[in-house]
Amino acid sequence: YLSHGFNRKTSIAIGGTAVALLITGGLAKIFVEATKLTGFASEEAGFLQVARGDLVNIKGLLLAGIIIGALGVLDDISVAQSAIVQQLKEANPKMKATELFTRAMRVGQDHIASMVNTLVLVYTGAALPLLLLFIDNPLPFSQVVNYEIIAEEVVRTLVGSIGLITAVPITTLLASSLDFKKK
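We now turn to the structure provided with this report.

Calculation criteria
- Residues numbered from 1 in each chain as written.
- Predicted model: local features only at pLDDT ≥ 70, side-chain atom pairs only at ≥ 80, totals over all residues.
- Heavy atoms only, no water.
- Helix = DSSP H or I, 4+ residues; strand = E, 2+ residues; numbered from the N terminus.
- Buried < 20%, exposed > 50% of the residue type's maximum accessible area, 1.4 Å probe, protein only.
- Contact = heavy atoms within 4.5 Å.
- Core = buried A, V, L, I, M, F, W, Y, C linked by side-chain atoms within 4.5 Å.
- Polar contact = N/O pair within 3.5 Å; in protein donor to acceptor, adjacent residues only side chain to side chain.
- Axes fitted to C-alpha atoms, helices over the stretch in contact; angles between N-to-C directions.
- Parallel < 35°, antiparallel > 145°, perpendicular 65-115°, else oblique.
- Left-handed = near helix turned anticlockwise from the far one by under 90°.

1. Brief notes about the environment of Val85
Examined against the element boundaries, Val85 turns out to sit in helix α3 (residues 58-91). Since its relative accessible area comes to 0%, Val85 is described here as buried. For the pair Val85 and Ala175, spaced 90 residues apart in the sequence, the C-alpha separation amounts to 6.3 Å.

Next up, the structure:
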């Protein structure tokens, strides 16, 4: 509300973000458990464990980091989808909810592709030194890709992307159905 104001568009975006964030959080937990990530891939986690002992749940911290990272793109895409529906409705107040949803989803699909690219590039940029492990490494690819430090980045990207993909139809459905009932 501080960024976009107290209005219908922001409330819809918050609702879409909240639902997508719940899904993303659940997926993050499932992926972290399935891949048996510990959270100790970074030096910082090791230092924190030494400094704070068992007071900090490192795996929980990893999950929180994945969720917070995804929250940024979820917020972005939910606000955009809500705004798209609002603008389409203002341009044609007689547009039915199904047409509103369909048209907004067409724009949302392009936005999803761009945001997934952004997410991949951000995580790749942050993990650039890790990519050097793949260049002239005598170890096989299948072994290197299973290092926890690499697996964490893969999980972050997958979970964030899936969360992003779910946010668009959820927010668009909320916005098109609520905006339609408004008039």
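Still to come is the rest of the account.
2. Some details on the side chain of His111
You can see His111 is positioned in helix α4 (residues 97-126). Aside from chain neighbours lying at most four places away, what touches His111 is Asp76, Ile77 and Ala80.

3. Observations concerning the environment of Ile162
Counting through the fold element by element, Ile162 comes out in helix α7 (residues 148-182). C-alpha separation for the pair Ile162 and Leu27, spaced 135 residues apart in sequence, amounts to 8.5 Å. Once residues lying within four places of it in the same chain are set aside, the contact partners of Ile162 are Leu27 and Phe31.

4. Observations concerning the nonpolar core
Residues Val73, Ile77, Ile112, Met115, Leu164, Ala167 and Val168 are the most contacted members of the largest nonpolar core, which totals 13 residues. Listing elements by their share of this core, those giving two or more residues are α3, α4 and α7. When residues no more than four places from it in sequence are discounted, the contact partners of Ile112 are Ile77, Leu164, Ile165 and Val168.

5. Observations regarding the side chain of Thr166
Within the secondary structure, Thr166 sits in helix α7. Within polar-contact distance, the side chain of Thr166 engages the backbone oxygen of Gly163 at 2.8 Å. Not counting the four nearest positions on each side in its chain, Thr166 is found in contact with Ala20 and Ile23.

6. Quick word on the packing of α3 against α4
Each pair of packed helices can be summarised by the angle the axes make with each other and by the distance between the axes. One way to put it is that α3 packs onto α4 with a least axis distance of 10 Å and a crossing angle of 155°. Looking at the two axes, α3 sits roughly antiparallel to α4. At the point where α3 passes α4, the crossing takes the right-handed sense. Contacts from Gly69, Ala70, Val73, Asp76, Ile77, Ala80, Gln81, Ile84, Val85, Leu88 and Lys89 of α3 reach α4 at Leu100, Arg103, Ala104, Met105, Val107, Gly108, His111, Ile112, Met115, Leu119 and Tyr123.

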